[in-house]
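Architecture at a glance
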Amino acid sequence: MRIARLALEEKQVNYRLVEVDVFAENGVPQEHLKRHPFGRIPTFEHGDFHLYETGAIVRYIDDAFPGCRLQPTDPKARAKMNQMVGILDAYAYRTLVWDIYVERVVSAREGRLANEQKIAAALPHAAVCLSELDRLSDEAGFLIGGSVTLADLYAAPIFACFMQAPEAASLMDSCEKLIYWWQRFATRDSMSRTES
Ligand SMILES: N[C@@H](CCC(=O)N[C@@H](CS)C(=O)NCC(=O)O)C(=O)O
């Protein structure tokens, strides 16, 4: 959900946030299932136009609203951005957020024991994710090119969680470009405005 909000913030689009608890004890609220039959978040409405799936939402926001472009026009840069988005969505999110951050940081916060086996199994996979993201990223302060793209917006919410885990320090050790990127990106206005 934070990815879509970051897109709106970066493009300076006014929006109204409606919170939906898809993890509610009684299940996903019925009215939400009408918006998203798979019971996930985010969903997006613009007038009478309704969307779900983050990839469709952020590309629509980029195309439909004025402001900075979140997708490069150069074919190679655009392909690399899409490759990164794919890696973040398909591999990094589950490993860095659910297997490491939730298991190490959220479990401690909730007073339950971490599943050490799950964390240990995730570490080699996390290392591949991070080294690939580092290899593919440019050195201009954004992951791709010299301005914010969808790659930054997909990566930032994942890193905001993952970097809280003690495991992040050694895993990130050799990822100099990613470290530099995160130090800068974490301080953006869009990040503080989407913290909660
Ligand atoms: N493919 C969907 C995935 C959305 C998704 O998994 N959202 C998570 C929150 S980040 C969710 O709704 N989880 C609830 C659940 O798994 O039941 C997208 O990109 O929008």
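Residues numbered from 1 in each chain as written. Predicted model: local features only at pLDDT ≥ 70, side-chain atom pairs only at ≥ 80, totals over all residues. Heavy atoms only, no water.

Now for the overall build of the chain. The number of helices and strands found in the chain is nine helices and two strands. Overall, the chain shows an N-to-C arrangement of helices and strands of α-α-β-β-α-α-α-α-α-α-α. Taking 16 Å as the expected radius of gyration for a compact globule of 196 residues, we find that the chain reaches 17 Å, a close match to that expectation. Counting only C-alpha atoms and orienting by the principal axes, one finds that the chain spans roughly 45 × 45 × 25 Å. Here the chain, with 196 residues, has 44% of them falling under the buried criterion. In the chain, once contacts between residues fewer than 6 apart in sequence are set aside, the share between residues at least 24 apart is 60%. One way to put it: in the chain the 22 positive side-chain charges average out to a point 3 Å from where the 27 negative ones average out. (Helix = DSSP H or I, 4+ residues; strand = E, 2+ residues; numbered from the N terminus. Rg over C-alpha atoms; globule rule 2.2 N^0.38 Å. Buried < 20%, exposed > 50% of the residue type's maximum accessible area, 1.4 Å probe, protein only. Contact = heavy atoms within 4.5 Å. Lys, Arg positive; Asp, Glu negative; His and termini not counted. Charge placed at Lys NZ, Arg CZ, Asp CG, Glu CD.)

As a matter of local geometry, the ligand sits amid Val22, Phe23, Arg40, Ile41, Pro42, Glu53, Thr54 and Tyr93. Side-chain polar atom of glutamate 53 to a nitrogen atom of the ligand: 2.7 Å apart, as the coordinates give it. Between an oxygen atom of the ligand and a side-chain N or O atom of threonine 54, the distance comes to 2.8 Å. Relative to its unbound accessible surface of 500 Å², the ligand loses 70% to contact with the protein. Residues that form the shell around the ligand fall into these classes: five nonpolar, one polar and two charged. (Near = heavy atom within 4 Å. Polar contact = N/O pair within 3.5 Å; in protein donor to acceptor, adjacent residues only side chain to side chain. Areas by Shrake-Rupley, 256 points an atom, 1.4 Å probe, with all protein chains shown as cover. Nonpolar A, V, L, I, M, F, W, Y, C, P; charged D, E, K, R; others polar.)

With that settled, the discussion passes to the packing of helix α1 (residues 2-10) against helix α6 (residues 150-162). Running from amino to carboxyl end, α1 crosses α6 at an angle of 125°, the nearest separation of the two axes being 9 Å. Compared by their axis directions, α1 and α6 come out oblique. Judged by the sense of rotation from one axis to the other, the crossing of α1 with α6 is right-handed. For the pair α1 and α6, the contacting residues are Arg2, Ile3, Leu6, Ala7 and Glu10 in the first and Leu153, Tyr154, Ala156, Pro157 and Ala160 in the second. Looking at side-chain class alone, the contact of α1 with α6 contains eight nonpolar, no polar and two charged residues. (Axes fitted to C-alpha atoms, helices over the stretch in contact; angles between N-to-C directions. Parallel < 35°, antiparallel > 145°, perpendicular 65-115°, else oblique. Left-handed = near helix turned anticlockwise from the far one by under 90°.)

Here we come to the UniProt feature "domain: GST N-terminal" (unreviewed entry) in the chain. Mapped onto the present numbering, the UniProt feature "domain: GST N-terminal" (unreviewed entry) falls at residues 1-69. Secondary structure content for residues 1-69 is 38% helix and 12% strand, while the C-alpha to C-alpha distance between its ends is 20 Å. (UniProt positions renumbered as here; feature names shortened; annotations may be inferred.)

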